[in-house]
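# Chain and residue survey
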Amino acid sequence: MLEADGIVLVSPEYNYGISGVLKNAIDWLSRMTPQPFAAKPVALFGASMGVLGTARAQYQLRQTLVFLDGRPVNKPEVMIAQAQNKFADGKLTDEATGKLLADLGAALALACRQARAAAAVK
Ligand SMILES: Cc1cc2nc3c(=O)[nH]c(=O)nc-3n(C[C@H](O)[C@H](O)[C@H](O)COP(=O)(O)O)c2cc1C
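First, a word on what this report is: a plain description of the structure on this page. Computed from a predicted structure; not experimentally measured. (Residues numbered from 1 in each chain as written. Predicted model: local features only at pLDDT ≥ 70, side-chain atom pairs only at ≥ 80, totals over all residues. Heavy atoms only, no water.)

### Remarks on the side chain of Q58
How we decide: Helix and strand assignments come from DSSP, with helices taken as H or I runs of at least 4 residues and strands as E runs of at least 2, each series counted from the N terminus. Only protein chains enter the accessibility calculation, which uses a 1.4 Å probe. A residue is then buried if its area is under 20% of the maximum for its type, exposed if over 50%, and partly exposed in between. Residue contacts follow a heavy-atom distance rule, with two residues in contact if any of their heavy atoms lie within 4.5 Å.
As for its position among the elements, Q58 is in helix α2 (residues 55-68). Note on Q58: relative accessible area 3%, which makes it buried. Aside from chain neighbours lying at most four places away, what touches Q58 is L44, F45, G46, G53, V78 and M79.

### Here we look at the nonpolar core
Stated precisely, the cut-off is as follows: Residues grouped as a nonpolar core are buried Ala, Val, Leu, Ile, Met, Phe, Trp, Tyr and Cys residues, joined through side-chain atoms within 4.5 Å.
Among the nonpolar cores identified, the biggest contains 12 residues, and these are I7, L9, I18, L22, I26, F37, V42, L44, A57, L61, L65 and L68. Mapped by element, the contributors of at least two residues to this core are β1 (7-10), α1 (20-29), β2 (41-47) and α2. Among the elements that line this core, the one with the most residues is α2, at 4 residues. Each residue touching L68, except ones within four places of it in the same chain, is listed here: I26, S30, Q35, F37 and A38. Counting residues in each nonpolar core, the second largest holds 8 residues, with V78, A83, L104 and C112 among its members.

### Focus on the site of the ligand
The test is simple: The criterion for a residue being near a molecule or strand is simple. One of its heavy atoms has to lie within 4 Å of it. The term polar contact refers here to a pair of N or O atoms within 3.5 Å; inside protein, the definition further demands a hydrogen-donor-capable atom paired with an acceptor-capable atom, and it admits residues adjacent in sequence only when both atoms are side-chain atoms. Only the protein chains shown count as cover for residues, with accessible areas throughout obtained via the Shrake-Rupley method and a probe of 1.4 Å. Charged means Asp, Glu, Lys or Arg here, nonpolar means Ala, Val, Leu, Ile, Met, Phe, Trp, Tyr, Cys or Pro, and polar covers whatever is left, Gly included.
Around the ligand sit E13, Y14, N15, Y16, S48, M49, G50 and R56, and that is every residue in its neighbourhood. Between the ligand and N15 there is a distance of 2.7 Å, counted from a nitrogen atom to a backbone nitrogen or oxygen. In isolation the ligand offers 600 Å² of accessible surface; the protein chains occlude 51% of this area. Considering only residue class, the shell around the ligand consists of 3 nonpolar, 3 polar and 2 charged.

What follows is the structure, given as structure tokens:
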């Protein structure tokens with residue numbers, strides 16, 4: 001993870017928050033030296049069967065990333081609502097969601113290139 005240019009965090013939403021397993025993993029990683037989230041671009045997305053598509057969980061993740069000094073990609077926000085209607089046989093079938101995910105990937109790649117360029121001039 002330390003060598004990674006960027007990180008992708010994906011979570012369902014449980015009781016308006018991220019999964020306990022993901023939080024536990026982040027908490028353990030945060031105690032490493034050097035702290036692996038510091039200054040690292042992070043793309044977030046999630047899917048749920050509700051209408052907000054993990055919006056609340058993702059904002060909880062963004063809050064945690066403040067302390068970790070991560071660099072979450074701000075746009076596009078990818079909150080896959082009513083996921084039960086957007087996948088078939090485990091594969092994404094919703095074209096608009098596919099486009100959003102591609103845009104998020106491109107935004108993360110750009111953030112990684114910018115972070116690398118900034119590190120090179122230090
Ligand atoms: C304990 C529990 C809490 C949940 N809380 C939320 C929630 O706050 N918001 C939401 O959109 N979905 C919620 N869900 C639905 C899950 O996000 C998910 O869509 C559903 O559980 C199906 O995925 P799974 O088979 O991985 O559990 C909850 C599910 C569980 C089991």
